[in-house]
Each structure stands twice: as C-alpha cells, then as structure tokens.
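A look at the structure
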Amino acid sequence: MAGFAFSNVRINIPAGLIIECNMNIKLISNISQVYDYFDKYSFLCEMYDEDADEIKDLTLNYFPFDNSVQIIDAKKGKNVLKRVQLPPLNLDMLQIGNIVNIFSKLLYIKDCAPATRKTLFKNVQSTFAMIKPIAPSEHGKIITFIMKNGFRIVRMKNGKICKEFAMELYQSIASNNMLPIIIDYVTTGEVIGLELVAPDAVTKWRQCLGATDPAEAAPGTLRNLYGENKLKNVAHGCNTPEDAAKMLELFFGYEKGIPRVPFRATFKNCTCCVIKPHAVIEGNIGSILEQISTSGKFFISAMAMFSVKLANATEFFEVYKGVLPEYEAMCIHLAEGKCVVLEVTSTNLELNSVCEFRKMCGPRDPDLCRQLYPESIRALYGKSIVHNAVHCTDLPEDGELEVEYFFKLVAND
C-alpha cells in the first residue's frame with residue numbers, strides 16, 4: 001500500500017459547494033444540540049489518490065443527524081462519495097489537523113467552512129501546560145483530569161528544561177523572592193509539556209489549576225487535589241494566549257533541526273509501547289500511563305505524541321506483513337489519528353523489558369485478554385484486534401529499534 005502524502009497548499013473551494021443548511025424536517029437531540037436531516041459540518045481535506053499519483057482537494061460533509069458523511073471533489077464539483085452512514089466516525093475525530101478514515105481512505109483535515117468554525121470551534125485556542133517534577137505515579141491521574149475537563153491534547157512530551165526556559169516561563173513573577181527556588185525546582189526534575197486545546201483554553205486551564213497555594217485552591221481543582229504547597233503545586237499555566245504561543249514554540253519547537261527540549265529516550269534495555277489513536281480519542285492515555293507507572297515493574301523513561309504518516313505506519317508494521325490478516329487495517333488505524341509513544345523499561349534490569357511488558361499488555365485479541373488476563377491493558381481498554389489499545393514490541397531484540405524509529409526517525413520527519 002502506497003504512503004499518503006499531504007501538501008501545505010491551501011485548498012480553494014468554489015463558491016456554492018460548501019453550504020450550511022437549517023431546514024426543519026425532523027429533529028433529534030444530541031446532548032444540548034438539536035439537528036435535522038440536512039444540518040451538516042463541512043471540512044476542507046486532502047487525500048492522496050494512488051491511481052492518479054496526486055493529492056486531491058476534497059470537501060467532507062458530516063451530518064450529525066444520522067452520523068453520515070458525503071465527500072465532494074471541489075474542483076470537479078461532483079460527489080466522490082454519496083451520503084452514507086459511517087457509525088465509527090464522530091465529531092471528536094473531526095478536528096483540524098486530524099486524519100480521518102473514510103472507508104479505508106485517509107483524509108487530512110486542513111480547514112473547515114466558516115459556519116462550521118463558528119459553530120464547532122468558537123473561541124477555540126491553544127495553551128501551554130506543564131506538569132512539574134512530581135512522582136511518575138501521579139502523571140496518569142493528572143492527564144486523565146485534563147481530558148475529563150474538556151481539553152484535547154494535541155502535543156505532549158516529557159523532558160528536562162534549562163534555566164533559560166524556566167526564566168521565560170516565570171517572567172510574570174520576575175520580582176518574586178521565591179523565583180530562584182522555583183527555577184531550581186522545575187529544572188532539577190523531569191517535566192511534561194502539553195499543548196491543550198479548548199474554547200478559551202488559557203483561562204479555562206488556569207481555572208482548572210486553582211489558586212497557586214493548594215490550601216487556597218477551590219475544591220476539585222488540580223492543585224486542590226494533588227498539590228502539596230506553593231512550590232510543589234503540580235502544574236503551570238500561562239496567563240495570555242501570547243505567552244502560551246511563545247512557550248509552545250520554546251518547548252515543542254526545533255532549532256536547526258534539533259528539538260529545543262530534547263526527547264528523553266535512552267534506547268537501552270527498553271521496549272516500545274504505542275497508545276493507539278482510538279485509545280487517545282477515548283481519553284484513556286492517563287489510565288494506561290497510571291497502570292504502567294504504578295505497577296512497580298516498569299518506569300516510563302520517554303513519552304511523546306506523534307502523528308504518523310501511512311508510509312511510516314506500513315514501514316513500522318512491516319514485520320507483520322503477510323503474517324497478520326489485520327496488517328493493512330493496523331497501518332491505517334495508526335495513521336488516522338495521534339498516538340502516544342512510550343519508552344518503557346523494566347525496574348529489574350536483569351529482566352528483558354520487551355518480554356515482561358508484553359505480559360502487562362496481554363494477547364493481541366482483547367476478548368481473549370478479558371477471559372485470560374482481565375487486568376491487562378488490552379483487556380481493559382481494547383475493543384478489537386486492530387483497536388486493541390496499545391502496540392507493544394513483540395521480538396526481544398526489537399525494543400530499542402522500535403523506540404528509535406519514533407524518537408529518531410518520525411520525530412525528525
């Protein structure tokens with residue numbers, strides 16, 4: 001199967017092809033929104049056409065009334081796919097920058113119609129969040145808290161920050177007497193940086209954090225739940241969208257091809273764990289991290305969120321080609337959304353991390369897992385052989401190679 005490639009060219013849609021309808025024919029309720037048969041959300045997409053060996057500009061219409069889709073070739077003004085129901089698709093998947101699987105064809109969502117943006121993405125913005133140096137066993141709980149409060153994580157990685165980064169981060173309290181202590185604290189341990197997306201994300205994240213002093217933070221806020229004191233108060237938030245944009249670039253950006261905050265992968269006695277796109281969308285990142293880090297058997301030395309091209313997915317899973325009947329479906333699923341890649345190492349250095357971690361994940365079939373290993377990761381979060389929550393390295397000698405594939409190759413692609 002050939003890889004999908006996407007250009008950076010903006011799509012121009014002829015007038016009249018993207019229409020937002022509002023006809024009162026039949027009404028249903030979807031939480032707080034009421035839809036009729038003709039209501040739709042329109043997205044501007046790109047798709048690689050293998051036969052023509054070209055990238056096509058397409059319009060994807062999503063009809064929430066019956067969870068159906070329609071695809072239009074904008075240049076030719078004709079249907080590529082007539083309206084048809086697609087139960088696996090939902091609005092959570094239809095985010096700008098995501099890749100969606102429409103009957104095994106991958107569409108990259110570049111933009112949306114103005115009316116769709118006004119309805120779905122009103123006041124949506126990004127903010128930078130940083131989990132401060134805390135016990136790894138707490139990471140999963142905090143990420144679960146973030147996702148349950150309506151934030152979408154679009155970038156994430158762990159790392160160690162330098163003094164210069166910390167000074168930029170705390171520029172707003174430059175005159176505070178505690179600044180040297182704060183700088184020392186955040187630079188001596190490992191942190192996790194995240195890009196969070198939500199309506200009014202900057203303000204919302206600060207509200208979710210609570211007061212600087214956990215003792216004064218409102219009940220149910222992050223610092224109230226997990227903070228110890230003013231210094232060890234779990235996480236940091238930016239004050240303005242401008243500050244957030246600057247810190248996102250400093251944490252996730254590259255300089256001369258080198259990440260400003262380096263990845264933490266060690267490539268030693270490790271195994272690779274990939275939290276698959278369906279598990280990310282379903283909000284299970286935190287639960288899986290918590291299960292691994294609290295097991296007492298493993299520690300997560302590196303983590304990062306990646307978007308994987310189909311060409312990379314087919315190469316990464318090549319060992320399964322001709323072996324597993326689900327090979328193509330596995331490749332498509334890995335490429336149809338963001339995944340989180342972990343370098344996992346056994347706490348007992350005498351044991352092989354690959355073999356030991358496979359036991360925690362369980363067999364590939366989640367139904368079999370639920371019968372034989374009900375506490376395994378795939379038993380708890382898997383849905384099918386393809387959507388089985390995680391990929392883990394199978395061959396003992398491949399642990400370092402698979403980790404290198406993501407943290408060296410895909411990270412610099």
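About the cut-offs
- Residues numbered from 1 in each chain as written.
- Predicted model: local features only at pLDDT ≥ 70, side-chain atom pairs only at ≥ 80, totals over all residues.
- Heavy atoms only, no water.
- Helix = DSSP H or I, 4+ residues; strand = E, 2+ residues; numbered from the N terminus.
- Rg over C-alpha atoms; globule rule 2.2 N^0.38 Å.
- Buried < 20%, exposed > 50% of the residue type's maximum accessible area, 1.4 Å probe, protein only.
- Contact = heavy atoms within 4.5 Å.
- Areas by Shrake-Rupley, 256 points an atom, 1.4 Å probe, with all protein chains shown as cover.
- Lys, Arg positive; Asp, Glu negative; His and termini not counted.
- Charge placed at Lys NZ, Arg CZ, Asp CG, Glu CD.
- Pairing = 2+ DSSP bridges.
- Axes fitted to C-alpha atoms, helices over the stretch in contact; angles between N-to-C directions.
- Domains from an automatic or database assignment.
- Buried area = accessible area lost by both parts, 1.4 Å probe.
- Salt bridge = Lys/Arg side-chain N within 4 Å of Asp/Glu carboxyl O.
- UniProt positions renumbered as here; feature names shortened; annotations may be inferred.
- Parallel < 35°, antiparallel > 145°, perpendicular 65-115°, else oblique.
- Nonpolar A, V, L, I, M, F, W, Y, C, P; charged D, E, K, R; others polar.

This next bit is on the overall build of the protein chain. When helices and strands are counted, the protein chain shows 15 helices and 18 strands. Against the globule reference of 22 Å for 413 residues, the protein chain gives a C-alpha radius of gyration of 22 Å, in line with a compact fold. Within the protein chain, the proportion of its 413 residues that are buried is 49%. Partitioning the intrachain contacts of the protein chain with sequence separation of at least 6 by distance along the chain shows that 67% fall at a separation of at least 24. Per element, the accessible surface of the protein chain, about 19500 Å² overall, is 52% carbon and sulfur. Averaged over its 44 positive side-chain charges, the protein chain has a centre that lies 4 Å from the centre of its 48 negative ones.

This paragraph deals with the pairing of strand 4 (residues 54-63). Counting buried positions along strand 4 yields seven of 10 residues, so the element is predominantly enclosed. Sheet topology places strand 3 (residues 41-49) next to strand 4; nine bridges connect them, and they run antiparallel. Its bridge partner lying in strand 4, D49 is registered against E54. The turn joining strand 3 and strand 4, which pair antiparallel and follow one another in sequence, is formed by four residues; a positive phi near 50° is taken by D53. The pairing of strand 4 with strand 5 (residues 68-73) spans six bridges and is antiparallel. In the sheet register, F63 faces strand 5, and the bridge partner there is S68. Where strand 4 folds back on strand 5, the antiparallel hairpin that results is connected by four residues, among which N67 adopts a positive phi of roughly 55°.

Let's shift gears to the sheet that holds strand 4. What the six strands build is an open sheet, ordered 6-5-4-3-8-7; its pairing is antiparallel. The open sheet is flanked by strand 6 (78-85) and strand 7 (99-102), the only strands paired with a single partner. On average, each strand axis in the sheet is tilted by 30° relative to the strand beside it, whichever way the strands run.

Considering the arrangement of structural elements, one finds G257 in the loop between strand 13 (254-255) and strand 14 (258-259). Overall, the relative accessible area of 51% leaves G257 in the exposed class. With 155 residues separating them in the primary sequence, G257 and N412 have C-alpha atoms 7.3 Å apart.

Right, let's talk about the domain arrangement of the protein chain for a bit. The assigned domain composition of the protein chain is domain 1 (41-117), domain 2 (124-259) and domain 3 (270-412). Just the C-alpha atoms count here: the centres of domain 2 and domain 3 sit 27 Å apart. In this assembly, 17 residues from domain 2 lie in contact with 18 residues from domain 3. On the domain 2 side of the interface with domain 3, the three residues burying the most area are M147, M156 and N158, jointly 35% of the side's total. Our count for the contact surface shared by domain 2 and domain 3 stands at zero salt bridges.

This part covers the UniProt feature "domain: DM10" (unreviewed entry) in the protein chain. According to UniProt, the feature "domain: DM10" (unreviewed entry) maps to residues 37-124 in the numbering used here. In the segment residues 37-124, helix accounts for 8% and strand for 52%; the C-alpha atoms at its two ends are 27 Å apart.

Direction vectors running N to C along helix 2 (residues 139-148) and helix 9 (residues 285-293) enclose 170°, while the axes themselves pass 7 Å from each other. Here helix 2 lies roughly antiparallel to helix 9, going by the angle between them. Contacts between helix 2 and helix 9 pair G140, K141, I143, T144 and M147 from the former with I285, G286, S287, L289 and E290 from the latter. Split by residue class, the contact of helix 2 with helix 9 holds four nonpolar, four polar and two charged.

Before going further, it helps to examine unusual backbone geometry. A negative phi angle is the norm for most residues apart from glycine, just as the trans form is the norm for most peptide bonds. Of note, the phi angle at N123 is positive, near 60°, even though the residue is not glycine. Relative to the elements of secondary structure, N123 occurs in the loop between helix 1 (114-120) and strand 9 (124-131). Here N123 falls in the partly exposed class, since its relative accessible area comes to 46%. With a phi angle near 75°, A389 is a residue other than glycine that sits in the positive phi range. Within the secondary structure, A389 sits in the loop between helix 14 (377-381) and strand 18 (390-392). Of the residues examined, A389 reaches a relative accessible area of 0% and is grouped as buried.

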